[in-house]
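# Descriptive analysis of the structure
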Amino acid sequence: MNSDELVILKSLDRIEQHESRLLTWGLVDGFLTRDDLYHVIVPVLDEVSRTGGVTFFDAHEVAEKLRERALLIDVGTEEEERFRSRMAETVRLFFRLRQLFPQHAGPTAWQMAPTLVADFRFIWRRRRYPKRHISAHDVRQRLENATPDAMARDALSVLIANEGNPLELASFQLDAAERILAGFAQHRPIGTLVSAGTGSGKTLAFYLPSLSRIASHIRRDRSDFQWVKALALYPRNELLKDQFAEVYSQARKLDAGLREKGCRKILIGTFFGPTPQDAEKAASQTGWRPRNGGVACDYLRCPSENCQGEMIWHDADRKAKTERLVCDTCGSKIESDEVILTRERLARECPDILFTTTEMLNQRIGDSAMRHLFGLGDRCARPVEMMLLDEVHTYSGTSGAQVAYLLRRWRKLLNRPVSFVGLSATLADGERFFARLTGLSEQQTREIAPRASEMIAEGAEYLLALRGDPVSRTALMSTTIQSAMLMSRMLDSPDHIDAKGISTGLWGERLFMFADNLDVINRLYFSMLDAEGRASNGSPDMRRHPNGGLATLRLPNANPQRKLHGQDWQAAVDIGHSLQPEDRKSIGRVMSMDPGVDNGRDIIVATASLEVGYNDPLVGAVIQHKAPKDVAQFLQRKGRAGRPRRMRPWTVVILSDYGRDRLAYQSYDLMFDPEVPARTLPVANRYVERMQAVYATLDYLSIGLGNQKWGSVWRDLCRPGNGNRDRQMKLAGLVRTILTDAEELERFSLHLEKALKLDRTEIEMVLWDHPRPLLTEVLPTALRRLETNWARQGSEEPEPFVNNSPLPEFVPANLFSDLNLPEVEIRLAQNRQGKSDPVMMPIAQAMREYAPGRVSRRYGISHALDRHWICPDLDQNAIQFVELDPPEAQRRHYDLDRLGIWHIRNEAGNTVVCRCSDRESFMFSVRTRALPTPRTLGCGGGLRLSFGMPDWF
């Protein structure tokens, strides 16, 4: 950092610290005169000038540079110069937010708009990071001493050199890398948990030793000798996508050195939901989108620095079955010797690093075509050597216990030492937790974390809690929407000539919004689209919003009172946002039913799928709707903003005045700086034990089948067989042998004992005791279905089955789902593409989500008018009236918010034209035509309706 930049940052720090004293007490209208500014800046200028290199002549030049970068905002009048930092002006505008709609346009109508914020709490504080003070020379020396592998040391030298920009590491990074490297030579299982805050460099501590080890194997092995050396396991797809792109860029640093030795490149593969079966099916696969004569890959970004282009798999390459991706912006290529894109190729080849999910590991352990990817089966050349578990703190509760048993089962099948590396936020008692998760002893496990003495404070972050105004009777979602509109316009404009923005990277450009409920997520998403003047498909809505989004109502004008009360967003214009009709922010959404993050969006509405591991250097702010439900989750969400260390990120939490929100607001300091409690891992939970015993049974059956008959035990037990009846009958024979042969039963019991690490007494309970005993319920049920091909006595219809769910009475289809025997099938109305895919929900969740009369948007993902509800029994005697507006328009759409028999009438005698579609959705429109009497519209009690209900219903 040069001296001029140091003057700018120190001056900004002191200005903001001066203002934050008033903001902490709720005073937002304070300002600095020019003399006040000079009084702050001059001491900074004198202090830094002593070290030399400062080109600023006086405090005036520093102040003008701050204004040029929109870090200082001129809020003065013609009579007096007044200044606020961008931070202070942002807080003021948040506090003055009103629910402005088009009827509030004009110089004074804004006064009739309801207020949205009753109060706020603000914290300005330094960001804390582990100090990176160990030079590249010292790093190289210590790591070379940790391993006797000369080839690994060569690769380490290349990675540390970092293409001419030598790495400097923190002590915890070096300690972790040293332990992982040394562990490869010990030939025993070890566990290393790297715990640190977000953005501290945990991932680097794993990839330095792992990539150097992989490069060493590539140099030693024959060119045709392929095996998976590192398995990277992730709890969520979005996290996997981001980390895959990161390790790809790191692996490419070793290409030149390997090529000089006559060796191939490091090969990386993915095996999760968006991985297509083959080149042809990529076009219809989730995670791939038709684009520019091919399909765009959502989980690989362009390898060129600062390029936001999409990676395209061109149709010509797909037809030739060449796995090559090309950036549509800069032309950079990712070749087939660098990545494996399809499952078809994964079945033939092995990448050096495989990125997969816990769900995929659980389901494919018994798949003879794919288990070699996990180091299992006869087709595996060598077992997996290391496993990465990212975001370990997310594995808690019963879902964490499921993963713990999954890792035990995998280790039993692998039957070789493996090095476990976990990356996590700071945990209480992390070492013991990681030992229980991996099944290792505490003596084999070590937690490595930064020490307090190694932490340094730099930069700043802004933490703001807003309490919605209950008196104005506005919905809290309105406060969240207007807050997002404001926050996105107080961040840097992406259209600025400088790629880093007008602030040169101190403020970001992109905003993330989080909520904890899918219904709320969809409401937020479509409401944000509407507020920005966009249609449900994201395109500008020129019919309903020809004058742009609601932000245009804050366009500066000559009314001083409007500016004084925060309804004039002149600061946003100074930053580079026009507030004109064309200023419509683009909105994206990320949840399990969406393909992934679109890098071109200004605002992204997201669920928990985006809260861990996603590293976007442009994200400058995070908004949380309502109080966070989990401390660790909130810390991860907060960490999505401000990935570059010099950035000054925002965290804004929108709270109501009731329930958990009220408690969170009253203890706002604990909310923003919580202590993560020790995570629980109930591996002794009998409910989890019994489910995992069924999964372990599937593992045992897959061992018995071996590679004699290709297929998957998981799929064999899902549904009646067509082409796989021979395999199913072989499987039935194995099950019958367990039930009838004492020696086979003993071998089976011993497998369960070792795979689950339970003692014989617990195994006997799992085998014989209710509920769901293996020997008297689970295995007999499997045997009956396999031998009869799911036939039912006295009926031509087969026994009910669930796709991709073996033995659904005993284990859930997904590892993290609850075993809830009564499930509800939700039959949704057909969407606008004519599709209607039923979804399954646990009965308790379905009763909450679809209680009669409750309108839900949980599955309303394609259009703003998609809502689903069950109509309650109606009182046929109730008569309700809806008055039509005068017929200014030839055609008008009406949204009703009441149930019953509707009399739709007008004094002029308008006709109602109605239709009830075959999609069980009730739609109507109005054509004005004079009639002597009004038309009465009746609604039957059993009709399911889907139409434009208000968000507050």
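Not measured: the values here are computed from a predicted model. (Residues numbered from 1 in each chain as written. Predicted model: local features only at pLDDT ≥ 70, side-chain atom pairs only at ≥ 80, totals over all residues. Heavy atoms only, no water.)

## Structural notes on the state of the cysteines
Applied cut-off: We call a pair of cysteine sulfur atoms a disulfide when they lie within 2.5 Å.
Applying the stated criterion to the full structure yields 0 disulfides. Cys-302 provides the cysteine sulfur closest to Cys-330, a residue in no disulfide bond, and the two sulfurs are 3.4 Å apart.

## Regarding the packing of helix H16 (residues 476-490) against helix H17 (residues 518-531)
Here is the rule: Here the axes come from fitting lines to C-alpha atoms, over the contacting stretch only for helices, and the angles between their N-to-C directions go from 0 to 180 degrees. By definition, any uninterrupted DSSP run of H or I lasting at least four residues is a helix, any uninterrupted run of E lasting at least two residues is a strand, and each is numbered from the N terminus. When describing relative orientation, an angle under 35 degrees is termed roughly parallel and one over 145 degrees roughly antiparallel, while 65 to 115 degrees is termed roughly perpendicular and anything else oblique. Handedness of a crossing is defined here by the sense of rotation of the near helix relative to the far one, left-handed for an anticlockwise turn of less than a right angle and right-handed for a clockwise turn. In this description, contact between two residues means that some pair of their heavy atoms is separated by no more than 4.5 Å. Each residue is assigned to one class: nonpolar for Ala, Val, Leu, Ile, Met, Phe, Trp, Tyr, Cys and Pro, charged for Asp, Glu, Lys and Arg, and polar for all the others, Gly among them.
Their axes nearest at 10 Å, the elements H16 and H17 cross at an angle of 50°. As summarised for this structure, H16 and H17 are arranged oblique, according to the angle between their axes. As for the relative orientation of H16 and H17, their crossing is right-handed in sense. Mapping the contact onto sequence places Met-477, Thr-480, Ile-481, Ala-484 and Met-485 in H16 and Val-520, Arg-523, Leu-524, Ser-527, Met-528 and Ala-531 in H17. Here the residues of the contact of H16 with H17 sort into 8 nonpolar, 2 polar and 1 charged.

## So, the pairing of strand E19 (residues 455-468)
The following threshold applies: At least two bridges found by DSSP between two strands is the condition for calling them paired.
In terms of strand pairing, strand E3 (residues 117-130) meets E19 through 12 bridges, oriented antiparallel. Residue Arg-121 lies in a different strand from E19, and its bridge partner there is Ala-465. Sheet topology places E19 next to strand E24 (residues 650-655); 6 bridges connect them, and they run parallel. Following the sheet pairing, Leu-463 is matched in E24 by Thr-651.

## Re the pattern of salt bridges
Rules: Salt-bridge detection follows one rule: a side-chain nitrogen of Lys or Arg within 4 Å of a carboxyl oxygen of Asp or Glu. Only protein chains enter the area calculation, which uses a 1.4 Å probe; residues under 20% of their type maximum are buried, those over 50% are exposed, and those in between are partly exposed.
Under the counting rule described, the total for this entry stands at 68 salt bridges. Two residues, Arg-96 and Asp-29, come together in a salt bridge whose shortest N-O distance is 2.5 Å. Taken as a pair, Arg-96 in the loop between helix H4 (86-95) and E3 and Asp-29 in the loop between helix H1 (3-24) and helix H2 (34-49) lie far apart in primary sequence, 67 residues in all. For Asp-29, a relative accessible area of 35% puts it in the partly exposed group. Measuring nitrogen to oxygen at the nearest pair gives 3.6 Å for the salt bridge that ties Arg-544 to Asp-541. For Arg-544, a relative accessible area of 44% corresponds to the partly exposed category. Looking at Asp-541, the relative accessible area reads 11%, which means it is buried.

## Comments concerning the packing of helix H23 (residues 686-705) against helix H26 (residues 742-756)
Two numbers describe how H23 lies on H26: the axes approach to 10 Å, and their chain directions differ by 120°. Here H23 lies oblique to H26, going by the angle between them. Viewed along their axes, H23 and H26 form a crossing whose handedness is right-handed. Here Gln-692, Ala-693, Ala-696, Thr-697, Asp-699, Tyr-700 and Ile-703 of H23 lie close against H26, whose contacting residues are Glu-744, Arg-747, Phe-748, His-751, Leu-752 and Leu-756. In terms of residue class, the contact of H23 with H26 is built from 7 nonpolar, 3 polar and 3 charged.

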